[in-house]
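# Geometric and topological summary
Take a look at the letters that make up each chain.
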Amino acid sequence: MLAEEVQWMIDQAAAEGWNPGLHDAEPFYQADPQGFLLAELEGEKVGCISAVAYPGQFGFIGCYIVVPAYRGRGYGWRLWQAGMNHLRNCNVGLDGVVAQQDNYKRSGFRLVYRNIRFHGQRDAALPVLSGDPELTVLAATEVDRRALFDYDRRYFPAERSEFLSSWIRQPDSVALVSLTADAISGLAVIRPCLSGYKVGPLFADSQLIAESLLQQLLMSLPEGAEFYLDVPECHPQAVALAQRMAMQSIFETARMYTGEAPAMRMEGVFGVTTFELG
């Protein structure tokens with residue numbers, strides 16, 4: 001795809017009910033300009049897939065959609081093959097919906113853990129969280145870029161500096177970093193979506209830091225706003241945080257990989273960045 005065509009893919013995700021971010025197209029494209037593939041039939045767009053290749057031979061599949069009128073003709077399989085060919089030298093990850101998990105297993109993916117999407121609503125009185133009074137919280141754009149990229153790398157399998165630089169600058173979004181003894185100890189972003197807002201990532205060195213950052217993000221929302229947090233089920237403290245915020249489980253995916261699970265500090269992942277790109 002060209003940069004301007006990525007919005008079409010986002011629109012298809014919206015039509016599927018996936019509730020994408022309003023400004024996802026630009027940061028998505030920055031992750032890998034060669035990794036967004038479009039299927040056309042006689043000049044008409046009929047499907048898409050994202051196959052983002054990150055440094056270090058790690059890749060991620062998402063946004064795998066065929067327009068409903070063109071399903072059942074083999075176009076989806078050709079898209080899948082093209083996407084996987086782009087990632088042919090990578091350990092490939094994806095977040096598979098329940099209905100497709102068996103298909104992904106047949107393609108060589110194996111289940112590592114589940115992600116759970118939690119839904120909440122910003123009430124007039126936010127739940128009282130313990131937080132961490134020793135923290136300094138700044139806008140993510142105010143800290144050293146290299147330090148920010150290095151911190152993100154603890155909790156994500158590859159460097160993604162171009163994506164992250166764009167992600168924290170989305171319009172109408174809030175991106176925060178916490179500092180403990182002048183070192184980054186947390187990263188959190190909330191962005192507007194077709195419906196409500198999504199938190200992601202929510203990375204933190206401790207549960208107290210995650211609570212503090214989440215509280216700050218929610219304070220930026222209008223009263224009554226809906227919000228979502230995608231949580232790795234294998235991290236009990238992250239699940240407990242969502243539950244203490246009176247959030248309800250509404251959806252799940254399977255995090256699957258073609259190889260071994262990449263090395264990253266899952267104990268700091270309180271919220272996944274995005275199901276589409278990992």
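Figured I'd write up the structure that's included with this text. (Residues numbered from 1 in each chain as written. Predicted model: local features only at pLDDT ≥ 70, side-chain atom pairs only at ≥ 80, totals over all residues. Heavy atoms only, no water.)

Another point: the environment of Gln-57. Inspection of the secondary structure assignment puts Gln-57 in the loop between β2 (44-54) and β3 (58-66). According to the relative accessible area criterion, Gln-57 is exposed, its value standing at 54%. Dropping the residues within four chain positions of it, Gln-57 is found in contact with Asn-89, Cys-90 and Asn-91. (Helix = DSSP H or I, 4+ residues; strand = E, 2+ residues; numbered from the N terminus. Buried < 20%, exposed > 50% of the residue type's maximum accessible area, 1.4 Å probe, protein only. Contact = heavy atoms within 4.5 Å.)

Once that is clear, we can look at the environment of Asn-19. With respect to the helices and strands, Asn-19 occurs in the loop between α1 (6-15) and α2 (25-31). Relative accessible area serves as the criterion here: at 11%, Asn-19 is assigned to the buried category. Taking C-alpha positions, Asn-19 is 20 Å from Gln-30, a pair spaced 11 residues apart along the chain. In contact with Asn-19, not counting residues within four places along its chain, are Ala-13, Cys-193, Leu-194, Ser-195, Lys-198 and Tyr-228.

Per the stated rule, a full pass over the model turns up 15 aromatic pairs. Ring plane angle 40° and centroid distance 5.4 Å describe the contact between Tyr-64 and Trp-80, whose orientation is recorded as tilted. With Tyr-64 in strand β3 and Trp-80 in helix α3 (residues 75-86), the pair connects residues that are 16 residues apart, well separated along the chain. What links up through ring pairs into an aromatic cluster is the set Tyr-54, Phe-58, Phe-60, Phe-156 and Tyr-257. Positioned over the ring face of Phe-156 is Arg-160, at 3.8 Å from the centre of the ring. (Phe/Tyr/Trp six-rings, centres within 6.5 Å; stacked < 30°, edge-to-face > 60°. Lys NZ or Arg CZ within 6 Å of the ring centre and 35° of its normal.)

The linkage connecting Gly-200 with the following residue, Pro-201, adopts the cis geometry, with an omega of 0°. The topology assignment puts Pro-201 in strand β9 (residues 197-204). Residues other than glycine seldom take positive phi values, yet Glu-42 does so here, at roughly 50°. By the element assignment, Glu-42 lies in the loop between β1 (36-41) and β2.

What follows covers the side chain of Arg-160. Counting through the fold element by element, Arg-160 comes out in the loop between α5 (145-155) and α6 (161-167). Note on Arg-160: relative accessible area 5%, which makes it buried. One polar contact links Arg-160 to Asp-152, side chain to side chain, over a distance of 2.8 Å. Sequence-distant contacts of Arg-160, that is, excluding residues within four places in its chain, are made with Tyr-54, Asp-152, Phe-203, Thr-273 and Gly-278. (Polar contact = N/O pair within 3.5 Å; in protein donor to acceptor, adjacent residues only side chain to side chain.)

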